[in-house]
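Survey of secondary and tertiary structure
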Amino acid sequence: MDCFVIKCTPKDIDKLIKVSIKTFLDTFSSSNEGENMKRYIENAFNKQKIEKELNNLNSSFYLLYNGIDEVSSIQNEPIGYFKLNDLDAQGSDNYEDTSNSIELERIYLLKEHQKKGLGQFMMDKAIEISKNKKRSYIWLGVWEKNYSSLEFYKKNGFIKFGCHTFTIGNDHQNDFLLKLNLISKTK
């Protein structure tokens, strides 16, 4: 598997938005009403919101590229990304000390690149970055009906520690909050 993760900069905003919308639609449109999906995408992935997230010093996006080397990879379109939130950029659902944790807010991979070990590659990078920041655990929220993602997180050692409401349009859904202890993680 030849791929690279490169930290996203504001110049990558259009690529980031494109991957965000495509992966979100591919993953959730069959389980959600069209108007709710449209409203969510307009709010979550508009240029102003993503630009604000990119400019937050405690949030980092990492683009995943296919390729044999970093130089050739970035000439192509990204095939996925993950986003880490540190300190005060973390969601309010983390009931523990945010100085000791990091939030994995998104881990998105284009549908045609799934089931090839690339999601695991991104997860390993997210864990590595979190450990390098000396965080004790990494946490995330995942829709209770996203069974493949729940299985993936379970395989990686995440355990449930709570729930919260995730709203798509006017549909209030239940997300499980999961965390992984990084101190005992030897990966």
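Structural data are supplied above this passage.
Presented here is an overview of the structure given in this document. None of the values given here were measured: they were computed from a predicted structure.

**Some points on the pattern of salt bridges**
Across all of its chains, the model carries 13 salt bridges by this definition. In this structure, Glu53 and Arg106 form a salt bridge, with 3.3 Å as the shortest nitrogen-oxygen distance. Of this pair, Glu53 sits in helix H3 (residues 47–55) while Arg106 is found in strand E4 (residues 101–109), placing the two residues 53 residues apart along the sequence. Where Glu128 meets Lys125, a salt bridge forms, and the shortest distance between an N and an O atom there is 4.0 Å. Highlighted residues: Glu128 and Lys125, both in helix H5 (residues 118–132), separated by three residues, approximately one helical turn. Under the relative-accessibility criterion, Glu128 is labelled partly exposed at 40%. Accessibility expressed as a relative area gives 27% for Lys125, which makes it partly exposed. Via salt bridges that share partners, Lys49, Glu53, Lys83, Glu105 and Arg106 belong to a single interconnected network.

**Points about helix H2 (residues 34–44)**
Residues of H2 that are buried: Asn36, Met37, Tyr40, Ile41 and Ala44. Across the axial projection of H2, the buried residues extend over an arc of 130°, all falling on one side. Among the exposed residues of H2, those pointing more than 90 degrees away from its buried face are Gly34 and Asn43. The inward-facing, buried residues of H2 abut helix H1 (13–28), H3, strand E6 (159–168) and strand E7 (171–181). Two or three places before Glu35, at the opening of H2, Glu33 has a side-chain oxygen 3.1 Å from that residue's backbone nitrogen.

**Here's the deal with the environment of Arg135**
Tracing the backbone shows Arg135 in the loop between H5 and strand E5 (137–143). Linking Arg135 and Asn100, residues 35 residues apart in sequence, is a C-alpha distance of 4.9 Å. Each residue touching Arg135, except ones within four places of it in the same chain, is listed here: Asp86, Leu87, Ser99, Asn100, Ser101, Ile102, Ser130 and Leu182. A polar atom in the side chain of Arg135 sits 2.9 Å from the side chain of Asp86. Among the polar contacts made by the side chain of Arg135, one reaches the main-chain carbonyl oxygen of Ser101 at a distance of 3.5 Å.

**Observations regarding the sheet that holds strand E2 (residues 59–66)**
In spatial order, the strands read E1-E2-E3-E4-E5-E7-E6; together these seven strands make up an open sheet with mixed pairing. At either margin of the open sheet sits one strand with a lone partner, and together these are strand E1 (3–7) and E6. Each neighbouring strand pair of the sheet contributes to a mean axis angle of 25°, computed without reference to strand direction. In this structure, E5 lies alongside E7, joined through seven bridges in antiparallel fashion. Within E7, the residue paired with Gly141 across the bridge is Leu177. Sheet contacts for H2: E6 and E7; angle to E6, the most-contacted strand, approximately 100°.

Quick notes on the rules
- Residues numbered from 1 in each chain as written.
- Predicted model: local features only at pLDDT ≥ 70, side-chain atom pairs only at ≥ 80, totals over all residues.
- Heavy atoms only, no water.
- Salt bridge = Lys/Arg side-chain N within 4 Å of Asp/Glu carboxyl O.
- Helix = DSSP H or I, 4+ residues; strand = E, 2+ residues; numbered from the N terminus.
- Buried < 20%, exposed > 50% of the residue type's maximum accessible area, 1.4 Å probe, protein only.
- Arc of directions from axis to C-beta.
- Contact = heavy atoms within 4.5 Å.
- Polar contact = N/O pair within 3.5 Å; in protein donor to acceptor, adjacent residues only side chain to side chain.
- Pairing = 2+ DSSP bridges.
- Axes fitted to C-alpha atoms, helices over the stretch in contact; angles between N-to-C directions.

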